[in-house]
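Read off the chains here:
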Amino acid sequence: LLIVGLSVVAFTVDNPEEFIKKISSRFLLKMATYPQEKVYLQTDKPHYVAGEKIWFRAYLVNAITHIPSEDSRYVYVELTNRQDSVLQRVKVARQDSVFQGYLQLPLEIPQGDYILRAYSYVMQSVGEDYLFKKQIRVVNPRRTAAQVGTIRKETKTQPVQQNKVTENLRDI
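The rules behind the values
- Residues numbered from 1 in each chain as written.
- Predicted model: local features only at pLDDT ≥ 70, side-chain atom pairs only at ≥ 80, totals over all residues.
- Heavy atoms only, no water.
- Helix = DSSP H or I, 4+ residues; strand = E, 2+ residues; numbered from the N terminus.
- Buried < 20%, exposed > 50% of the residue type's maximum accessible area, 1.4 Å probe, protein only.
- Contact = heavy atoms within 4.5 Å.
- Areas by Shrake-Rupley, 256 points an atom, 1.4 Å probe, with all protein chains shown as cover.
- Pairing = 2+ DSSP bridges.
- 1 Å grid on protein atoms, 1.4 Å probe; cavity = no way out; pocket = protein on both sides within 12 Å on 5 of 7 lines; lining within 4 Å.
- Points joined across faces, edges and corners; volume = space filled by probe spheres on them.
- Nonpolar A, V, L, I, M, F, W, Y, C, P; charged D, E, K, R; others polar.
- Axes fitted to C-alpha atoms, helices over the stretch in contact; angles between N-to-C directions.
- Phe/Tyr/Trp six-rings, centres within 6.5 Å; stacked < 30°, edge-to-face > 60°.
- Lys NZ or Arg CZ within 6 Å of the ring centre and 35° of its normal.

Looking only at helices and strands, the protein chain has two helices and 10 strands in total. Reading the helices (α) and strands (β) of the protein chain from amino to carboxyl end gives α-α-β-β-β-β-β-β-β-β-β-β. For the protein chain, the residues scored as buried account for 27% of the 172 residues in total. Expressed as a percentage of contacts within the protein chain between residues at least 6 apart in sequence, the contacts between residues at least 24 apart total 56%. Of the roughly 12000 Å² of accessible surface on the protein chain, 54% is carried by carbon and sulfur atoms.

Here it is, written out as structure tokens:
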């Protein structure tokens, strides 16, 4: 849509080639002055048990060219709950164009879904939508909340029978 709009404008000006060069140079100047970065976070698995380490590797690239970015020296990785409260945060330094580390899950963390959020210092100013986010599941067999649900059955011979449904930790 942007290209079509620029093409229409380019044909209505006196010198379309000069107009396109001017727009291109301004765009490149803006990208050089205000570089944008993107983070991708890779984890060792999608599900964790309370007390485990979440091992990760983060890649920081230029948002336009996808070439590794050298602008930021650190990546921040956060574990947040559903209410967007930060439970843990680590600051990871670059090592051979890659950022790697781990977050230690507490033994008493409640079972549920959490969000891993990753960003660089530069990315903090562009808004929440531009940060990397990944949902992970945490299972805690030490807490009674390890039960996923309770199914109640009523029969004529037995008043109430409860079957507890739990997650099989080996399948996760």
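Here we take up the pairing of strand β7 (residues 112-120). Buried residues dominate β7, accounting for eight of its nine residues. Across six bridges, strand β4 (residues 74-80) lies against β7 in antiparallel orientation. Each bridged residue has a counterpart across the sheet, and for T80 the counterpart in β7 is I115. When β7 meets strand β8 (residues 132-139), the two strands line up antiparallel, connected through seven bridges. Paired with A118 across the bridge in β8 is F132.

Gaps left between atoms are located by rolling a probe of water-molecule size over the structure's atoms. What the largest pocket holds in volume is close to 280 Å³. As for the largest pocket, its lining consists of 15 residues, of which P35, Q36, E37, V126 and Y130 are closest to the centre. Counting residues per element, the lining of the largest pocket draws most heavily on strand β1 (residues 37-43), at three residues. For the lining of the largest pocket, the residue count by class is 10 nonpolar, two polar and three charged.

With mixed pairing, the eight strands of this open sheet are ordered in space as β1-β3-β6-β5-β4-β7-β8-β2. With partners counted over all chains shown, the strands left at the sheet margins are β1 and β2 (47-49), one partner each. The mean angle between the axes of side-by-side strands here comes to 30°, regardless of whether they run parallel or antiparallel.

Further remarks concern the pairing of strand β6 (residues 98-104). Two faces make up the sheet, and in a regular strand the side chains alternate between them. With six bridges connecting them, strand β3 (residues 53-62) and β6 associate as antiparallel partners. From the neighbouring strand, K53 faces β6, where its bridge partner is Q104. Sheet topology note: the strand β5 (residues 86-95)/β6 ladder contains two bridges and is antiparallel. By the bridge assignment, Q95 is partnered in β6 with V98. The antiparallel hairpin formed by β5 and β6 contains two residues in its connecting segment, where D96 sits at a positive phi of about 60°.

What follows covers unusual backbone geometry. Of note, the phi angle at H66 is positive, near 60°, even though the residue is not glycine. Among the structural elements, H66 can be located in the loop between β3 and β4. A relative accessible area of 47% means that H66 is categorised as partly exposed. Of note in this structure, D84 is not a glycine but carries a positive phi near 70°. Position of D84 relative to the elements: it lies in the loop between β4 and β5.

This next bit is on the packing of aromatic side chains. The full count for this structure, using the stated rule, is three aromatic pairs. Each ring, one from Y40 and one from F132, has its centre 5.4 Å from the other, and the planes form 80°; the classification is edge-to-face. On the criterion of sequence distance, the pair formed by Y40 in strand β1 and F132 in strand β8 is long-range, its members being 92 residues apart. For Y40, a relative accessible area of 46% gives the class partly exposed. We classify F132 as buried; its relative accessible area is 15%. Centroid distance Y76 to Y119: 5.5 Å. Interplanar angle 20°. Geometry classified as stacked. Of this pair, Y76 sits in strand β4 while Y119 is found in strand β7, placing the two residues 43 residues apart along the sequence. A single burial state applies to Y76 and to Y119, both of which are buried. Here the guanidinium or amino end of K53 rests over the ring plane of Y102, the centre of that ring lying 4.4 Å away. The lysine or arginine in question, K91, covers the ring of Y74, its NZ or CZ lying 4.3 Å from the ring centre.

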